[in-house]
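Per-entry structural report
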Amino acid sequence: MSKDEKIKENIDTEETAEAVKDTEADDAEVNEAETAEAPEAEAPEEAAEEASEARPKKKERKLKWAKAAEEAEKHAEELEEKITAAADKYARLFAEFDNFRKRSEKEKIQRYDFGVRDIVEKILPVVDNFERGLAGVAEDKADDPFVSGMNMTYKLLMKTLEDAGIRPIEAAGKEFNPDYHNAVMHVDDPEVGDNMVVEEFQKGYMYKDQVIRYSMVKVAN
């Protein structure tokens, strides 16, 4: 080997060594960069860990919301039941009060009617005496002031009874009706139809639809 060839070989060897050194330096730099970036590479794992920790909390919140909604629905149902019960109770109380009011009004009317009947029954004998007295007045005494006064008093009394709902029962010339007439005498009269009232001995009276006193009559057979 010549001297020139040896020099060339040495140069090639030195260049190769330098290239190896450069390569090793580059590898070192890459390793350092990877080492420096390693903590950033761990960030997704931390995020995943945080996400895994957040999932139970989110689930827990959903469970709380579901429980709260269930309790609210249950509370609403209880309130609805209470409202329904209160409405039923109010309806029953209103019906009971309305029945009590109607019953009280009916009893009040019955007491009033009973009082009217009692008073009228006591007044009717006075009316009978007026009628007997006026019926016994002679025709020539009809214009006497005393008779006129008696007649006016009788008419006023009858008007007062009429205004109170008292009215006489029609009897003479009517067909006998046991609901209004009391037959105290019977007579055979071919000129009068059967079961007809031919004479009235005492006048009967009614208050509204109730008989206060039956008419005392004579009936033809």
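Okay, so let's go over this structure.

**Here's the deal with the packing of aromatic side chains**
Applying the stated rule across the entire model yields two aromatic pairs. Plain terms: the ring middles of Tyr90 and Phe94 are 6.3 Å apart, the flat faces sit at 25° to each other, and that makes the pair stacked. One end of the pair is Tyr90 and the other is Phe94, both in helix 2 (residues 43-135) and four residues apart, which spans about a single turn. Ring centres 6.3 Å apart and planes at 35° place the aromatic pair Phe130 and Tyr154 in the tilted group. Taken as a pair, Phe130 in helix 2 and Tyr154 in helix 3 (residues 145-163) lie far apart in primary sequence, 24 residues in all. When sorted by exposure, Phe130 lands in the same class as Tyr154, which is buried.

**Topic: a nonpolar patch on the surface**
A surface patch of nonpolar side chains, about 250 Å² in accessible area, is lined by Val184, Met185 and Phe201. Tracing the backbone shows Val184 in strand 2 (residues 181-187). Residue Val184 is classed as partly exposed on the basis of its relative accessible area, which comes to 42%.

Definitions and cut-offs
Residues numbered from 1 in each chain as written. Predicted model: local features only at pLDDT ≥ 70, side-chain atom pairs only at ≥ 80, totals over all residues. Heavy atoms only, no water. Phe/Tyr/Trp six-rings, centres within 6.5 Å; stacked < 30°, edge-to-face > 60°. Helix = DSSP H or I, 4+ residues; strand = E, 2+ residues; numbered from the N terminus. Buried < 20%, exposed > 50% of the residue type's maximum accessible area, 1.4 Å probe, protein only. Patch = residues over 30% accessible without salt bridge, like charges linked within 9 Å, V, L, I, M, F, W, Y side chains within 5 Å. Areas by Shrake-Rupley, 256 points an atom, 1.4 Å probe, with all protein chains shown as cover. Salt bridge = Lys/Arg side-chain N within 4 Å of Asp/Glu carboxyl O.

Worth remembering: the numbers are spatial, not functional.
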